[in-house]
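# Inside the fold
Listed below, chain by chain, are the residues.
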Amino acid sequence: RLAGVALQSDPEVDHQLLIKIGFRQPVKLKAITFRGTTEDETAPQVVKVFQGQKDIDFQDAEEAEPLQMLNLIASQIDACDPVALRFVKFQHVSTLQLFVQNNFGADVTRIERLEFWGTPAENVDIKDWKPVKQDVNDPLYPIFDPPQADHTGA
């Protein structure tokens, strides 16, 4: 893990942050994990989630009705718990826009890592699949399914 690697709002402007994400193929999103620090109050607290609005700007994001509003609590951030999305609204996502409207009180918002939980929206022909090198220090972590608990007793 690289020290200091994070998504951060501009300290010269305000605490708001607008993150625009494009996926290589449409995905079904189940949840998002936000990793940050609530102790210094820089972690995101209120996040508006938009889909398919590539040209959205700060003013639009402030005024527009999101597909889902996330009101994060400190324990979710501190434990890196996935925050569930309304799965039916995120069945075919090509682009996602996250507007951090508020943090826990600091002048700057910092997100150390984002993890997206989901699956491809369409079946993939394995012959066309190309592996992608995963950088665990990248604050934008690739999509993967959450680990499944082993209930077999083995």
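Residues numbered from 1 in each chain as written. Predicted model: local features only at pLDDT ≥ 70, side-chain atom pairs only at ≥ 80, totals over all residues. Heavy atoms only, no water.

## What about the packing of aromatic side chains?
Heads up, the condition is: Put simply, two rings from Phe, Tyr or Trp (the six-membered ring, in Trp's case) pair if the centres are within 6.5 Å, and we call them stacked under 30 degrees between planes, edge-to-face over 60, tilted for the rest. For helices the rule is a DSSP run of H or I covering at least 4 residues; for strands it is a run of E covering at least 2, with both sets numbered from the N terminus onward. Summary of the burial criterion: residues with accessible area below 20% of their type's maximum are buried, those above 50% are exposed, and those between are partly exposed, where the area comes from a 1.4 Å probe applied to protein chains only.
Counted under the stated rule, the structure contains 2 aromatic pairs. For the pair phenylalanine 23 and phenylalanine 116, a centre-to-centre distance of 5.7 Å together with 85 degrees between the ring planes defines the contact as edge-to-face. Remark: phenylalanine 116 occurs in strand 8 (residues 113–120) and phenylalanine 23 occurs in strand 2 (residues 17–35); sequence separation between them is 93 residues. Residues phenylalanine 23 and phenylalanine 116 agree in their burial class; the two are buried.

## Considering the environment of phenylalanine 99
Applied cut-off: Contacts between residues were defined by any pair of non-hydrogen atoms, one from each residue, lying within 4.5 Å.
Relative to the helices and strands, phenylalanine 99 resides in strand 6 (residues 93–103). According to the relative accessible area criterion, phenylalanine 99 is buried, its value standing at 0%. Linking phenylalanine 99 and valine 49, residues 50 residues apart in sequence, is a C-alpha distance of 6.5 Å. Ignoring any residue separated from it by four or fewer positions in sequence, one finds phenylalanine 99 in contact with Gln16, Leu17, Leu18, Val46, Val47, Lys48, Phe50, Phe58, Ala61 and Glu62.

## Focus on unusual backbone geometry
The phi dihedral of glutamate 41 is positive, around 70 degrees, even though this residue is not glycine. At cysteine 80, a residue that is not glycine, the phi angle is positive and equals roughly 55 degrees. Within the secondary structure, cysteine 80 is located in the loop between helix 2 (74–78) and strand 5 (83–84).

## Here's the deal with the pattern of salt bridges
Definition in use: By definition, a salt bridge exists where a carboxyl oxygen of Asp or Glu is found within 4 Å of a side-chain nitrogen of Lys or Arg.
Counted according to the given criterion, the structure contains 1 salt bridge. A salt bridge links arginine 113 to glutamate 115; its shortest N-O distance comes to 3.2 Å. Judged by relative accessible area, arginine 113 falls into the buried class, the value being 11%. Accessibility expressed as a relative area gives 11% for glutamate 115, which makes it buried.

## Quick notes on a negative patch on the surface
Heads up, the rule is: Here, patches come from residues exposed beyond 30% relative accessible area and free of salt bridges, joined within 9 Å for like charges and within 5 Å for nonpolar side chains (Val, Leu, Ile, Met, Phe, Trp, Tyr). For the accessible areas, the method is Shrake-Rupley and the probe is 1.4 Å, while residue cover comes only from the protein chains on display. Charge convention: Lys and Arg are scored as positive, Asp and Glu as negative, and His as well as the terminal groups of each chain are ignored. For the purpose of locating charges, the reference atoms are NZ of Lys, CZ of Arg, CG of Asp and CD of Glu.
A contiguous patch of negative charge, built from Glu39, Asp40, Glu41 and Asp78, is present on the exposed surface. For glutamate 39, a relative accessible area of 78% corresponds to the exposed category.

Everything listed here is a matter of coordinates, which is why it stays silent on function.
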